[in-house]
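# Geometric and topological summary
Spelled out, the chains give:
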Amino acid sequence: MPPSLVILTGAGISAESGLRTFRAADGLWEDHRVEDVATPEAFARNPALVYRFYNERRRSLGAVRPNPAHLALAELERAWAGEFLLVTQNVDDLHERAGSRNPLHMHGELLKARCLACRAVSDWTEDLDDRSPCPACTHGRLRPHIVWFGEMPLEMERIYRTLERCDLFVAIGTSGHVYPAAGFVEAVGPRARTLELNLEPSRVADAFQEHRVGRATELVPAFVAELCRS
Ligand code: BJW
């Protein structure tokens, strides 16, 4: 059987494209308290603030492009003979724009909206507010299609099933602060090789067998070239 590969990406892979990470000194949580913008309670309390936070982030996607790390992962997916699952915590669309076929956005997507009445998920590229009509049922109120703290991330069963049988697990540019993603390395089977690529060791770095420290735009293309040669 050709080897099965799971890749987990976090905000660090998009940092060199110009999107801010969450926990850096100049990160998104420096300007906004998590509890004010990334919880269901925040949305219930002050929907206008939450809509504005995500509208600004959705607009910012227009000014950025995929970088060599995103491009290398798309190339790896095309070259890989075995099972390949790219799980991203990122809500941007840079993996898709780089050519990745079907990244699994476990924390949702900025370019989608979800109806609070019929639950349909629709593509959404414009600003969103409480007057935006649901394209599916035409009357329901829409929210950003984002997994907030306290909510269940998407497609967890599929992710855990694939982690348990994978031969190689690679985490790129994620701090290991947020669960369940931070626990994925513990969920991989005993035979699997585990590797972290990050600007600095993550909070769960000790759980990985191997580490490479540096910028994603350098480490990821080099690692992909190595895998494609072997
Ligand atoms: C570079 C670089 C470069 C920079 N090159 N690298 C178990 C234990 C403890 C707590 C919990 C637990 N289980 C659940 C919880 C609660 C909670 C949680 O984890 N809290 C912790 C903060 C303690 N988790 C949840 O609530 C999750 N839901 C859940 O568990 O459901 C089950 C459940 C449901 C109901 C009841 C009970 C259980 C949901 C989590 C949702 C996360 N949502 C966010 C925001 C929404 C999306 C958005 O607005 O964009 O997702 S939080 C934010 O953090 C965002 C990210 O996807 C996520 C991860 O951040 P990431 O990607 O790691 O970014 P940073 O900034 O932290 O790190 C960047 C990294 O890049 C750094 O390491 C840099 O070094 C590196 N870097 N430049 C390479 N150039």
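Structure: see above.
A few points on the structure. (Residues numbered from 1 in each chain as written. Predicted model: local features only at pLDDT ≥ 70, side-chain atom pairs only at ≥ 80, totals over all residues. Heavy atoms only, no water.)

### Quick notes on the pattern of salt bridges
Applying the stated criterion to the full structure yields 16 salt bridges. Arg 191 is the salt-bridge partner of Asp 167, the closest N and O atoms lying 3.1 Å from each other. On the criterion of sequence distance, the pair formed by Asp 167 in the loop between helix H8 (156-165) and strand S7 (168-172) and Arg 191 in the loop between helix H9 (184-187) and strand S8 (193-198) is long-range, its members being 24 residues apart. Classification of Asp 167 as partly exposed rests on a relative accessible area of 25%. The class for Arg 191 is exposed, based on a relative accessible area of 65%. (Salt bridge = Lys/Arg side-chain N within 4 Å of Asp/Glu carboxyl O. Helix = DSSP H or I, 4+ residues; strand = E, 2+ residues; numbered from the N terminus. Buried < 20%, exposed > 50% of the residue type's maximum accessible area, 1.4 Å probe, protein only.)

### Here we look at the site of the ligand
The environment of the ligand is formed by 35 residues, the closest being Arg 23, Arg 57, Glu 151, Ser 175 and Asn 198. Separating an oxygen atom of the ligand from a side-chain N or O atom of Thr 174 is a distance of 2.8 Å. Contacts to the ligand include Ala 216, whose backbone N or O atom sits 2.9 Å from a nitrogen atom. Look at the ligand: alone it shows 1500 Å² of surface, and the protein chains cover 76% of it. Looking at the shell around the ligand, the elements that each hand over two or more residues are helix H1 (12-15) and helix H5 (47-60). Taken together, the residues that form the shell around the ligand break down as 17 nonpolar, twelve polar and six charged. (Near = heavy atom within 4 Å. Polar contact = N/O pair within 3.5 Å; in protein donor to acceptor, adjacent residues only side chain to side chain. Areas by Shrake-Rupley, 256 points an atom, 1.4 Å probe, with all protein chains shown as cover. Nonpolar A, V, L, I, M, F, W, Y, C, P; charged D, E, K, R; others polar.)

### Considering the nonpolar core
Within soluble globular proteins, side chains that are nonpolar generally end up buried alongside one another. Counting residues in each nonpolar core, the largest one holds 26 residues, and the members touching the most others are Trp 29, Ala 38, Tyr 54, Leu 142 and Trp 148. Breaking this core down by element, the ones donating at least two residues are helix H2 (28-31), helix H3 (34-37), helix H4 (40-45), H5, strand S4 (108-115) and strand S6 (142-146). Of all hydrophobic cores here, the second largest spans 21 residues; its members include Leu 5, Phe 84, Val 170 and Val 220. (Core = buried A, V, L, I, M, F, W, Y, C linked by side-chain atoms within 4.5 Å.)

### Description of the packing of aromatic side chains
All told, the structure shown has six aromatic pairs when counted by the stated rule. When the centroid spacing of 5.3 Å and the interplanar angle of 80 degrees are considered together, the rings of Phe 43 and Tyr 51 count as edge-to-face. The exposure classification of Phe 43 matches that of Tyr 51, with both residues buried. Between Phe 43 and Trp 148 the ring centres are 5.4 Å apart and the planes differ by 40 degrees, which places this aromatic pair in the tilted class. Placement of the pair is Phe 43 in helix H4 and Trp 148 in the loop between S6 and H8, with a sequence separation of 105 residues. A relative accessible area of 7% places Phe 43 in the buried class. An aromatic cluster is defined as three or more aromatic residues linked by ring pairs; in this entry it consists of Phe 43, Tyr 51, Phe 53, Tyr 54 and Trp 148. (Phe/Tyr/Trp six-rings, centres within 6.5 Å; stacked < 30°, edge-to-face > 60°.)

### Side note on H8
Within an α-helix, residues lying three or four positions from one another point in the same direction, as the helix has 3.6 residues per turn. Restricting attention to buried positions, one finds in H8 the residues Met 156, Ile 159, Thr 162 and Leu 163. Buried residues in H8, looked at end-on, bunch into an arc of 135 degrees, giving them a common side. Of the residues in H8, the exposed ones pointing more than 90 degrees away from the buried face are Glu 157 and Glu 164. Taken together, the buried residues of H8 touch strand S1 (5-9), strand S2 (84-88), strand S3 (104-105), S7 and H9. (Arc of directions from axis to C-beta. Contact = heavy atoms within 4.5 Å.)

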